[in-house]
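This is what each chain is made of:
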Amino acid sequence: MVIPVEVRAELRAHAEAEAPNEACGLVILRNGVAESYVRGRNSAASPYRFELDVPPETWFLEDDGYELAVFHSHLSSPPRPSRTDVENIGLWQGKPYLILSLGSDSLAGWTIEDGRIEPLALVA
């Protein structure tokens, strides 16, 4: 999966703006390349978990051939899914799952399915 510098900068800016809470949103991909980022609202307003709230029309982008990757930030922990992330995977099971650690400025991608966490290769 390719995350261009501009999209990564948007993820970082959103994570910084939402600190100390986790930021969340959707990365819009076509053919494995991130084209844009839709900022979401963390309706949980928590530094430990997120509940993604995005404009409803965002969900219809999949009908237009886009893939949606969920994004959220961790304040200081590594960009690896936490137990809370795995337990609350819900609709995102098997889909791209991106985490940015503000503490280390590291971005990582994963899939989570049936409790298994698998890394996704990211390219800038």
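Scroll up to find the structure.
The structure reproduced in this document is the subject of the present report. All figures in this text were calculated on a predicted structure; none of them were measured in a lab.

Thresholds, definitions, all that
- Residues numbered from 1 in each chain as written.
- Predicted model: local features only at pLDDT ≥ 70, side-chain atom pairs only at ≥ 80, totals over all residues.
- Heavy atoms only, no water.
- Pairing = 2+ DSSP bridges.
- Helix = DSSP H or I, 4+ residues; strand = E, 2+ residues; numbered from the N terminus.
- Axes fitted to C-alpha atoms, helices over the stretch in contact; angles between N-to-C directions.
- Buried < 20%, exposed > 50% of the residue type's maximum accessible area, 1.4 Å probe, protein only.
- Salt bridge = Lys/Arg side-chain N within 4 Å of Asp/Glu carboxyl O.
- Phe/Tyr/Trp six-rings, centres within 6.5 Å; stacked < 30°, edge-to-face > 60°.

### Quick notes on the sheet that holds strand β2 (residues 33–39)
Then, number 1: Pairing is mixed across the open sheet formed by six strands, whose spatial order is β2-β1-β5-β6-β7-β8. Both outer strands of the open sheet, β2 and β8 (116–120), are each paired with one neighbouring strand and no more. In this sheet, neighbouring strand axes are inclined to one another by 35 degrees on average, regardless of whether the strands run parallel or antiparallel.
Then, number 2: As defined by bridge partners, strand β5 (residues 67–74) adjoins strand β6 (residues 97–101) across five bridges and the pair is classed as parallel. Counterpart to H72 in the pairing with β6 is I99.

### Details of the pairing of β5
In the case of a regular strand, side chains alternate between the two sheet surfaces.
Then, number 1: Burial analysis of β5 places seven of its eight residues in the buried class, which makes it a mostly covered element.
Then, number 2: Bridging between strand β1 (residues 24–30) and β5 involves six bridges; their strand directions are antiparallel. Residue V27 lies in a different strand from β5, and its bridge partner there is A69.

### Looking at the pattern of salt bridges
Then, number 1: On inspection of all chains with the given rule, the structure shows six salt bridges.
Then, number 2: The salt bridge partner of D105 is R12, with a shortest N-O separation of 3.2 Å. One end of the pair, D105, is in the loop between β6 and β7 (106–113); the other, R12, is in helix α1 (residues 5–18), and 93 residues separate them in sequence.
Then, number 3: Among the residues examined, D105 registers a relative accessible area of 35% and is labelled partly exposed.
Then, number 4: The exposure class assigned to R12 is partly exposed, which follows from its relative accessible area of 22%.
Then, number 5: Between D53 and R41 there is a salt bridge, and its shortest N-O distance comes to 3.2 Å. On the criterion of sequence distance, the pair formed by D53 in strand β4 (residues 52–53) and R41 in strand β3 (residues 41–42) is long-range, its members being twelve residues apart.
Then, number 6: Look at the salt bridges and you will find they share partners, linking R8, R12, E16 and D105 into a network.

### Quick word on the packing of aromatic side chains
Then, number 1: The full count for this structure, using the stated rule, is three aromatic pairs.
Then, number 2: The interplanar angle of 85 degrees and the centroid separation of 5.5 Å between the aromatic rings of Y37 and F71 together place this pair among those described as edge-to-face. In this pair, Y37 sits in strand β2 while F71 sits in strand β5, placing the two residues 34 residues apart along the sequence. The pair formed by Y37 and F71 is uniform in burial state, with each residue classed as buried.
Then, number 3: Their ring planes at 40 degrees and their centres at 6.5 Å tell us that F50 and Y97 sit as a pair that is tilted. Placement of F50 in the loop between β3 and β4 and of Y97 in strand β6 is noted, with a sequence separation of 47 residues between them.

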